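Architecture and fold: a report
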Amino acid sequence: MKKWFSIALGIVTATGGFLDAGTIATAGESGAKFGLGLIWAVIIATAAIILLVEMVGRFTAVSKKPYAAAIRENFGFRFFLAPLICEIIAESLMLAAELGGVAIALSLLTGISWHYLFPVAALLVFAMAWRAPFDWIENGPAILGLVTLSFIAGIIALGGLPHDTLPTLWRPPVKSGDLADYLYLVAATLGSTISPYLLYFYSSGAHEEGWSGSSLLLNRVTAFLGMGFGSMGSIAIIVLGAIVLRPLNISGSTLGEVGLPMAKAFGVIGTTLFAVALFATCFGAALEVVLGVSYLIAQGFGWEWSENKKPVEAARFNLTLILFLLVAVLIGLRGTDPLQLALLASTVIALELPVALFPFLVLMNDPQYLGDKINGRWTNIAIIVILLLACIVALISLPLEILSGGG
Amino acid sequence: MPEIREEVLKDDIFSIRDIIDSQLETSDGVRIGRVADIEIERHADGTLHLSALLVGPQALAARLSPELRTLAHWLFRDRFDHRITLDDVESFGPTLRLRRRAEDYPIGQSERWIAKYLLRWLPGSGY
């Protein structure tokens, strides 16, 4: 009974944890600009994150080691610096975007300008990361995040997909001038869904909960169903954008615009639902980012770390967490729109994916850590192909996007 | 130390690669850091012996490049680098267990300093 409860909870967590500022930003803009033409990228990225989450859970359950600790021990300090530096750069942009998402959600609910609410958002995230035990962090925002399922109700209320939209699924409406934009969104979609911070977070969580070889079923079910359901939220936002925003030529380039379809479907209640979903997903993701990076640093340097300890008992870990939040606040205070920041962060993540995840694949094939639970050959090939695809698309589109002025 | 092979160690179950970067845990179960480098002694008979484990930013910088070693030395002046002699290690393995308690080692001192001078001022720090 307890086992099924924890499986159910795991699925809810993964479902709620799937969406974040990055996925909402990319999905909203994708639907508004290219109809259903980017759903393929969401599906590929979902397949990749399902495989990766299953792997990182299996790794920690079998080897009893969190992923970041294993990178340092197996590859040495010099190598460890590469994923470390990439992650700090990409995720500080992403954390600023998530905090911005929380601030905009609060602003939609209260009417106060999001610029003022930005420090409030950071303070909320800090309070939770500072004192809440691990299971609160994991489950609290996630359960609230199930509000994203109302996006699917929104599609039904709007009368479903118009007939002329469906062909954009396999024939993306990319005009000649839009190719750079399209590729940028492909890269951002891959980068926002395949989030390395999620792996550090998930692996540390599995360690905090004391997973063992008997947790492998729980792990597999959680990864497949949770991430699978989660991607429906992302696809729903694309469809909403395709139904409402694209015919009106609204580009979906601010979070307010992305929320318009829900307002059209349900009026004021729709706006509230969107704001709550935005708050829950960005708040949950901000926690996961700030903790994921702090876990990476603390485990890599061998410091004491745990969310279940008092802050002074893991002082360096908690100081890292505070400093990282401060960096994100400084980035956020420059006033860049969170949605544009999320797109940029997602593309930078896509670019660093091979560096961030190559050591992971090596570890997943090492019987010293995993015994007979190492990866199969096809899983390896599938992941390598997806990571390279993400990196190449990001490499092509990032300079084009910067040249064209961004967004 | 590229020329030192694992067979020079007295007990050949462990290689240098296994020791460097390993987690250091004290007898009261506190993770205080990772092995940054090792110290080797040449004995009169020409054999090489592992004599101590080094921990700290200078030892780490030295692993990256000679220039960084100089810079780190100028910056830290040996203040944060520490040696652990081999007698202090209770058991080897992926985690090196030390014989004494966390407060007996200067290695985790930054942890205590941060708790005492920074974190204690925040509510709920548990100090």
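Up top is the structure these notes are about.
Summarised in this report is the structure supplied together with it. Quick caveat: nothing in here was measured; it's all calculated off a predicted structure.

1. Observations regarding the overall build of chain A
Scanning chain A from terminus to terminus reveals 16 helices and zero strands. Computed over its C-alpha atoms, the radius of gyration of chain A comes to 20 Å, within 12% of the 22 Å expected for a compact globule of 407 residues. Reported as C-alpha extents along the three principal axes, the dimensions of chain A are approximately 55 × 50 × 45 Å. Evaluated residue by residue, chain A yields a buried proportion of 59% over its 407 residues.

2. Re the pairing of strand β4 (residues 48–55) of chain B
Residue and element names in this part refer to chain B. The pairing of strand β3 (residues 37–42) with β4 spans six bridges and is antiparallel. Residue pairing across strands places E39 opposite A52, the latter belonging to β4. Between β3 and the antiparallel strand that follows it, β4, lie five residues; G46 among them carries a positive phi value of about 90°. Looking at chain direction, β4 and strand β5 (residues 82–85) are connected through four bridges and run antiparallel. Within β5, the residue paired with L54 across the bridge is R83.

3. Section: the packing of helix α3 (residues 39–63) of chain A against helix α10 (residues 216–245) of chain A
Residues and elements named next belong to chain A. Where α3 meets α10, the closest approach of the two axes is 9 Å, and the angle between their N-to-C directions is 155°. Taken together, the axis directions place α3 and α10 in an arrangement best described as roughly antiparallel. Between α3 and α10 lies a crossing of right-handed hand. Contact residues: I39, V42, T46, I49, I50, V53, E54, G57, R58 and A61 in α3; L216, N219, R220, A223, F224, M227, G228, S231, S234, I235 and I238 in α10. A breakdown of the residues in the contact of α3 with α10 according to their chemical character gives twelve nonpolar, six polar and three charged.

4. Section: helix α16 (residues 377–403) of chain A
All names here are of chain A. Look at α16: 40 Å from first C-alpha to last across 27 residues, which is about the 39 Å you get at 1.5 Å a residue. The largest bend in α16 amounts to roughly 25° and is located at S397, with the proline P399 lying one to four residues further along. Residues I383, I386, L387, A390, V393, A394, S397, L398 and E401 constitute the buried set of α16. Residues of α16 that are buried sit in contact with α3, α8 (179–193) and α14 (338–364).

5. Observations concerning the sheet that holds strand β2 (residues 31–34) of chain B
All names here are of chain B. Taking strand neighbours across the sheet as the criterion, the four strands line up as β2-β1-β7-β6 in an open arrangement whose pairing is mixed. If you trace the sheet from one side to the other, it starts and ends with β2 and β6 (89–91), each paired once. In this sheet, adjacent strand axes meet at a mean angle of 35° when their direction is disregarded. Here β6 runs beside strand β7 (residues 95–98); their pairing, made up of two bridges, is antiparallel. Paired with V89 across the bridge in β7 is L98.

6. Topic: unusual backbone geometry
Excluding glycine, residues mostly carry a negative phi; peptide bonds, for their part, are mostly trans. Backbone geometry places N249 of chain A, a non-glycine residue, at a positive phi of 60°. Within the fold, N249 of chain A resides in the loop between α10 and α11 (255–266). For R77 of chain B, which is not a glycine, the phi torsion comes out positive at approximately 50°. Checked against the element boundaries, R77 of chain B lands in the loop between α3 (66–76) and β5.

7. Looking at the interface of chain A and chain B
By a widely used convention, the size of an interface equals the accessible area lost when the partners come together. Contacts between the two partners involve 20 residues from chain A, matched on the other side by 23 residues from chain B. Those elements giving two or more residues to the side of chain A that touches chain B turn out to be α4 (67–110), α5 (114–131) and α13 (315–333) of chain A. It is α4 of chain A that contributes the most residues to the side of chain A that touches chain B, six residues altogether.

8. Here's the deal with the packing of helix α2 (residues 21–34) of chain A against α14 of chain A
Residues and elements named next belong to chain A. The geometry of α2 relative to α14 is characterised by a closest axis approach of 8 Å and an angle of 100° between their N-to-C directions. When the axes of α2 and α14 are compared, the pair comes out roughly perpendicular. Contacts between α2 and α14 involve A21, G22, A25 and T26 from the first element and P338, L339, A342, L343, A345 and S346 from the second.

9. With respect to the environment of A69 of chain A
Turning to its location among the elements, A69 of chain A is positioned in helix α4. Overall, A69 of chain A belongs to the buried group, with 28 C-beta atoms counted inside 10 Å. Each C-alpha atom of the pair A69 of chain A and F80 of chain A lies 9.6 Å from the other, and the pair is eleven residues apart in sequence. Ignoring sequence-local partners within four residues, the contact set of A69 of chain A consists of Q299 of chain A together with Q23 of chain B.

10. A look at α4 of chain A
The end-to-end C-alpha distance of α4 of chain A, which contains 44 residues, comes to just 40 Å, noticeably less than the 64 Å that a straight helix rising 1.5 Å per residue would cover. Downstream of α4 of chain A by a residue or two, G111 of chain A has a phi angle that is positive, lying close to 85°.

What counts, and at which threshold
- Residues numbered from 1 in each chain as written.
- Chains lettered and ligands numbered in written order.
- Predicted model: local features only at pLDDT ≥ 70, side-chain atom pairs only at ≥ 80, totals over all residues.
- Helix = DSSP H or I, 4+ residues; strand = E, 2+ residues; numbered from the N terminus.
- Rg over C-alpha atoms; globule rule 2.2 N^0.38 Å.
- Buried ≥ 20, exposed ≤ 12 C-beta atoms within 10 Å, placed from the backbone.
- Pairing = 2+ DSSP bridges.
- Axes fitted to C-alpha atoms, helices over the stretch in contact; angles between N-to-C directions.
- Parallel < 35°, antiparallel > 145°, perpendicular 65-115°, else oblique.
- Left-handed = near helix turned anticlockwise from the far one by under 90°.
- Contact = placed C-beta atoms within 7 Å.
- Nonpolar A, V, L, I, M, F, W, Y, C, P; charged D, E, K, R; others polar.
- Expected span 1.5 Å × (residues − 1).
- Bend = angle between axes of the 7 residues up to and from the residue.

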